[in-house]
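Examining the three-dimensional arrangement
One letter stands for each residue in the lines below.
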Amino acid sequence: MWYSALTVLSICPVTLTRDVPTLLPLHVHERAEIPPHYTYTGEALATNTVLKLEMAIVSNDIAGLRRVVEDVSEPHSSRYGKYLSKEEVEAYLQPSQKAFSAVDKWLKTYGIVPQKITYAGDLIQFTVNVSIANTMLDAKFATFKHRRSGKYVSRTLSYSLPHALRRHVQYIHPTTAFDPDTPISLSPRISSAPVGKNSFKQLTRGLPPSCSSSYVTVTCIKDLYGLPTNIATMDPNHLSVIGLADNNPDKIDTKYFIQKFRPDINPNTTYTFVGLAGETSPEDPNTSSFEALADVSFTLGTTGSPVSFIHSNDETMDAFLVIAQTLLQNNTLPEVMSISYGMDELSFMGSQPIAINTCNAFMALAARGMTTLVASGDGGAAGFGKEDGCTVFHPTFPSTCPYVTSVGGTTLTENSSETGVSFSSGGFSNLFPQPSYQTISVNQFLSNMGDSNAGLFNKTGRAYPDVSAISNNMIFFFQNGRTVSGMGTSFSSPVVAAVVAFLNAHRKANGKPLLGFLNPAIYQNPGAFNDITGGNNIGCNSTGFMAMNGWDAVTGLGTPNFASLVNALG
């Protein structure tokens, strides 16, 4: 099965405690300053403290893999839809023999035998005493305290590598990279206020009758975007949603949801829990989370088919890398994956190689034909809600990775059938350059907006979101059938994932390959989306970006129009 736990590929590492002379010359590889949300305790780590470190080794042909992804995702290419196998992707990702030998020789000098984390060998791990780590890396590992949580971590503000090794190593972690001020952010801001019996009111003329109440149901979603009424029959592994940390759904509330809003399907239609580290589902409606129930309920309800809930206990800055790398170890992947978590790109300043490596892992998944949807965030132009004191706009990750499809949010209003919602995060990356597939659309937006927000964002960065969907006043069940409503792009990403699942089902029925990485195709077919021209995403004491004709940094290309998408992509 594709969801098997990550396999460790070699014997346990050896930790050496004897003194070994430094191999000179050493050159600084990474350095950092203490983030504002951490304090230096003044305490050096005891020399016998054991560190568990990971090393990312440079792949032998990441540029070649990038060209493959461009070809298999480009509708006019002769290679369109001809995705790679697991082994073919690994051939691009694996380091060169020269890199392997250089790293192995260096580690053996200190008595270290590493473990492979990935089959390709581009990510390894090893344990080492602080005394040896400080010597081999010319580092000063010490204790730092997180101001808010009081948690202590071991870090160094710089580390070095032999000159001959630097070109073979992307990074060693955890060294100079500090986790964000808060754990991986949840995208939704969900109100737990019960929905009253008399809270429904008539909205705009022109909306489907199913959208005539104050709250959005899956019936409204299907009618709003013209989705098929028949069930998108598929293997539950084909459509997956991600859960992190202690966020879990429960089958009692998802069953309430199906019985209430999808009485036309089997009431036992549910999700399969997949623990990446072997964890099992608690299945406790008293401890289930808004986030997980929102993700699962709206994928289940919109498609009418089982889904897979992939869970990881990780909530650190490399949580997305862990997920992507774990999936890559399996022979079969989900066809579509929705992620409703993220963090501000600012969290990676000083540790950009981790973000780049994570994005490359998403690129590798795209090479194998998987579609990855990511909620853009709920802080408007301020990213994940870091409104206080921000003087420039904060882009969010992994939405800014060029190899995922970022999903913003819309709302239904009394003045317009659908408009950009104020909390929909969008903007421009400070880490990743603008990919060629969006140049025409984004340049037109920049031209239309003129000097607005000048100096607050990076005009040459990867622009996001790519598309959007309804994300406000969403109704579902929580903790033993309590009816609640919520808001957030955590709803819109699962909705678009469901749309892609329907499109894939249509393509497969006609003997066509999966859509895979969407962006090159959708930017060539902007007319397949409902262009949203109203709304803005406030942030950093500004009005943020404005929705307008064509692509914009609030709603992307717009919301799905299923009939048009079938004509363009089906």
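Residues numbered from 1 in each chain as written. Predicted model: local features only at pLDDT ≥ 70, side-chain atom pairs only at ≥ 80, totals over all residues. Heavy atoms only, no water.

Some points on the packing of aromatic side chains
As enumerated under the stated definition, the model contains 28 aromatic pairs in all. The interplanar angle of 45° and the centroid separation of 6.1 Å between the aromatic rings of Y256 and F477 together place this pair among those described as tilted. Here Y256 is found in helix α7 (residues 251–261), whereas its partner F477 is found in strand β23 (residues 474–478), with 221 residues between them in sequence. Taking the relative accessible area as the measure of exposure, Y256 reaches 36% and is therefore partly exposed. The class for F477 is buried, based on a relative accessible area of 9%. Centroid distance F298 to F476: 6.5 Å. Interplanar angle 70°. Geometry classified as edge-to-face. (Phe/Tyr/Trp six-rings, centres within 6.5 Å; stacked < 30°, edge-to-face > 60°. Helix = DSSP H or I, 4+ residues; strand = E, 2+ residues; numbered from the N terminus. Buried < 20%, exposed > 50% of the residue type's maximum accessible area, 1.4 Å probe, protein only.)

A short note on the sheet that holds strand β6 (residues 142–146)
Taken in spatial order, the three strands of this open sheet run β2-β6-β7, and their pairing is antiparallel. Two strands lie at the open edges of the sheet, namely β2 (38–44) and β7 (152–155), each paired on one side alone. When the angles between neighbouring strand axes are averaged without regard to direction, this sheet yields 35°. Pairing geometry for β2 and β6, over four bridges, is antiparallel. Residue pairing in the sheet places Y40 in a bridge with F144 of β6. (Pairing = 2+ DSSP bridges. Axes fitted to C-alpha atoms, helices over the stretch in contact; angles between N-to-C directions.)

Side note on the nonpolar core
Counting residues in each nonpolar core, the largest one holds 159 residues, and the members touching the most others are W106, L137 and F428. In terms of residue count, helix α10 (residues 352–367) provides more of this core than any other element does, 10 residues in total. (Core = buried A, V, L, I, M, F, W, Y, C linked by side-chain atoms within 4.5 Å.)

Examining the sheet that holds strand β5 (residues 123–129)
Pairing within the open sheet is antiparallel, and its four strands lie in the order β4-β5-β3-β9. At either end of the open sheet lies a strand with only one pairing partner, and these are β4 (115–116) and β9 (169–173). Sheet strands in contact with helix α3 (residues 97–109) are β3 (50–57), β5 and β9, and its direction is about 160° off that of β3. (Contact = heavy atoms within 4.5 Å.)

Digging into the packing of helix α9 (residues 319–328) against α10
Their axes nearest at 9 Å, the elements α9 and α10 cross at an angle of 30°. Judged by the angle between their axes, α9 and α10 are roughly parallel. Here α9 runs over α10; the crossing is left-handed. Across the interface between the two elements, F320, L321, A324, L327 and L328 from α9 touch N357, T358, A361, F362, A364 and L365 from α10. (Parallel < 35°, antiparallel > 145°, perpendicular 65-115°, else oblique. Left-handed = near helix turned anticlockwise from the far one by under 90°.)

Some details on the environment of D250
Looking at the element boundaries, D250 is found in the loop between β11 (239–244) and α7. Between the alpha carbons of D250 and L293 there is a distance of 7.2 Å; along the sequence they are 43 residues apart. Residues contacting D250, with those up to four places away along its chain left out, are Y271, E283, D284, P285, S288 and L293. In this structure the side chain of D250 is engaged in a polar contact, spanning 2.8 Å, whose partner is the backbone nitrogen of D253. (Polar contact = N/O pair within 3.5 Å; in protein donor to acceptor, adjacent residues only side chain to side chain.)

With respect to the environment of G556
Within the secondary structure, G556 is located in the loop between β27 (542–546) and β28 (559–560). Residue classification places G556 among the buried residues on the basis of a relative accessible area of 0%. For G556 and G409, which are 147 residues apart along the polypeptide, the C-alpha to C-alpha distance reads 9.4 Å. Every residue in contact with G556, bar those within four places of it in the chain, is listed here: P465, D466, V467, G550 and W551.

Quick word on α3
Its 13 residues give α3 an end-to-end C-alpha distance of 18 Å, which sits within 8% of 18 Å, the value for a rise of 1.5 Å per residue. Those residues of α3 that sit buried are A99, V103, W106 and L107. The buried residues of α3 occupy one face: seen down the axis, they fall within an arc of 95°. Exposed residues on α3 whose side chains face more than 90 degrees from its buried face are Q97, K98, K105 and K108. (Expected span 1.5 Å × (residues − 1). Arc of directions from axis to C-beta.)

Notes on the packing of helix α12 (residues 489–509) against helix α14 (residues 562–569)
Where α12 meets α14, the closest approach of the two axes is 11 Å, and the angle between their N-to-C directions is 45°. In terms of axis orientation, α12 runs oblique to α14. When you trace α12 past α14, the crossing you get is right-handed. Between α12, through V499, F502, L503, H506 and R507, and α14, the contact on the second element is made entirely by F562, L565, V566 and L569. The residue inventory of the contact of α12 with α14, partitioned by class, reads seven nonpolar, one polar and one charged. (Nonpolar A, V, L, I, M, F, W, Y, C, P; charged D, E, K, R; others polar.)

Topic: the state of the cysteines
Scanning the entire structure with this criterion turns up three disulfides. In this model, C211 is linked to C220 through a disulfide, with the two sulfur atoms separated by 2.0 Å. The sign of the S-S torsion, about 105°, decides the handedness of the disulfide formed by C211 and C220: right-handed. With relative accessibility at 1%, the residue C211 sits in the buried group. C220 sits in the buried class, given a relative accessible area of 1%. When the cysteines of the protein chain that form disulfides are numbered from the N-terminus onward, they connect as 1-2, 3-5, 4-6. (Disulfide = S-S within 2.5 Å.)

Describing the side chain of S281
Inspection of the secondary structure puts S281 in the loop between β12 (271–275) and α8 (290–303). Side chain to side chain, S281 and E283 meet in a polar contact 2.9 Å long. In this view, S281 contacts Y271 and F273; residues no more than four positions away in its chain are not counted.

Remarks on the pattern of salt bridges
Inspection of the entire model under this criterion finds six salt bridges. Between E90 and K86 there is a salt bridge, with its nearest N and O atoms 2.8 Å apart. Here E90 and its partner K86 are both found in helix α2 (residues 86–93), four residues apart, which amounts to about one turn of the helix. Note on K86: relative accessible area 10%, which makes it buried. D466 is paired through a salt bridge with R462; the nearest N and O atoms lie 2.8 Å apart. Accessibility classification places D466 together with R462 in one group, the buried group. (Salt bridge = Lys/Arg side-chain N within 4 Å of Asp/Glu carboxyl O.)

Some remarks on the confidence of the model for the protein chain
Taken over all residues, the pLDDT of the protein chain has a mean of 88, while the share at 70 or more is 89%. Counting contacts from residues 1–21, a segment whose pLDDT is below 50, to residues more than four positions away or on other chains yields 58 contacts. Confidence drops under pLDDT 50 across residues 192–205; counting only partners more than four residues distant or on other chains, this segment forms 32 contacts. (pLDDT = per-residue confidence, 0-100.)

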